[in-house]
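Reading the structure
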Amino acid sequence: MKQSKSPPPAADADNGTVNRVLRILTRFAEKERWGLNELSRSLNLPRGTTHRLLTLCKPLNFVAQDEEGQYTPGIELYRLAGRLASEIPINQIGDPILQEVRDQTDETVLLTLLVRNELKMFFTSSASPAHPLRYRIEKNRLEPLCWGAAGRSLLAFLSEEEIGQVVQRAEPSPLDGRPMDVDELLQSLRTIRGQGYAVSFSQRAPGAYGVAVPFFDFRGEIRGNLTLTIPDFRFDPAKQDTLVGLLREAAATLTRRLGWS
């Protein structure tokens, strides 16, 4: 009597091809064009393995290649990302709140979320006034926590161990590549914890002030923030307390609507 063959182990699905393909696709949230060598280095995978995985993704239109041979998101990845992004509950709940703060301040307001396992953050939604910004805000791209009011207002409420990991990374400024000043960063975090909000100037965008107020989940864990970004020629230090008050009220409203106490 023949014995039936046992199914193959599931290790490949957990740690092999599926895992690596998903890692590749997440890289396109960071930037839209990758060379093969650059992508393989970022994934710590052999060049041949990365090429094979990209070849698997192309027929399903999750990955495409441009005329220069650079790999880009495929139309199916854009379709899926757009569909899911439009249905993120926090965006649906947050957008009216952002619009209200924009109308009260006539400045751009951002909803920022923490990605705690990565010790990174990303801007998920924004509301801007009619006058144009002098710089571009990248949404859904992972950003360091050690620069700008948006990042530091999150980092200040993480554990000492997590702050230490961010310090060890020593990520340079995303604006101009300046090195991180550890003493300045740690002093800034102490100030933010004490006052409950963060203010920065020209750390993520040229000539712009950032004012950020964090919000927390029902466990009291840091979850994200609301950030105003204001060009220096419109920033009035005398109005800072008023701006912080508006952000505090908006963050509290967002927290309640999300069901967090």
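Quick note: structure is the one above.
These notes cover the structure that comes with them. Since the model is a prediction, treat every value here as computed from it, not as a measurement. (Residues numbered from 1 in each chain as written. Predicted model: local features only at pLDDT ≥ 70, side-chain atom pairs only at ≥ 80, totals over all residues. Heavy atoms only, no water.)

1. What about the packing of helix 7 (residues 148-155) against helix 9 (residues 182-195)?
Inclusion rule: Axis geometry follows a simple rule: fit a line to the C-alpha atoms, using only the stretch in contact for helices, then measure angles between N-to-C directions, giving values from 0 to 180 degrees. Where helices and strands are cited, they refer to DSSP runs of H or I of at least four residues and of E of at least two residues respectively, numbered from the N terminus. Roughly parallel covers angles under 35 degrees, roughly antiparallel covers those over 145, roughly perpendicular covers 65 to 115, and oblique covers all other angles. Residues are treated as being in contact if the distance between any of their heavy atoms lies within 4.5 Å. Amino acids outside the nonpolar list (Ala, Val, Leu, Ile, Met, Phe, Trp, Tyr, Cys, Pro) and the charged list (Asp, Glu, Lys, Arg) are all regarded as polar, and Gly is one of them.
In the contact formed by helix 7 and helix 9, the axes pass within 9 Å of each other and the chain directions differ by 70°. For the element pair helix 7 / helix 9, the angle class is roughly perpendicular. Between helix 7, through Arg152, Ser153 and Leu155, and helix 9, the contact on the second element is made entirely by Glu184, Leu185, Ser188, Leu189 and Ile192. Partitioned by chemical class, the residues of the contact of helix 7 with helix 9 number 4 nonpolar, 2 polar and 2 charged.

2. Some details on unusual backbone geometry
Note the threshold: Only protein chains enter the accessibility calculation, which uses a 1.4 Å probe; a residue is then buried when its area is under 20% of its type maximum, exposed when over 50%, and partly exposed in between.
The phi angle at Asn44 is positive, at roughly 60°, despite the residue not being glycine. Tracing the backbone shows Asn44 in the loop between helix 3 (36-43) and helix 4 (47-57). Overall, the relative accessible area of 71% leaves Asn44 in the exposed class. Even without a glycine there, the phi angle at Asn61 is positive, about 65°. By secondary structure assignment, the location of Asn61 is in the loop between helix 4 and strand 1 (63-65). When its relative accessible area of 40% is taken as the criterion, Asn61 is described as partly exposed.

3. Re helix 2 (residues 17-27)
Basically, it comes down to this: What the arc describes is the spread of directions from the helix axis to the C-beta atoms.
Residues Val21, Ile24, Leu25 and Arg27 constitute the buried set of helix 2. With its buried residues spanning 155° around the axis, helix 2 presents them on a single face.

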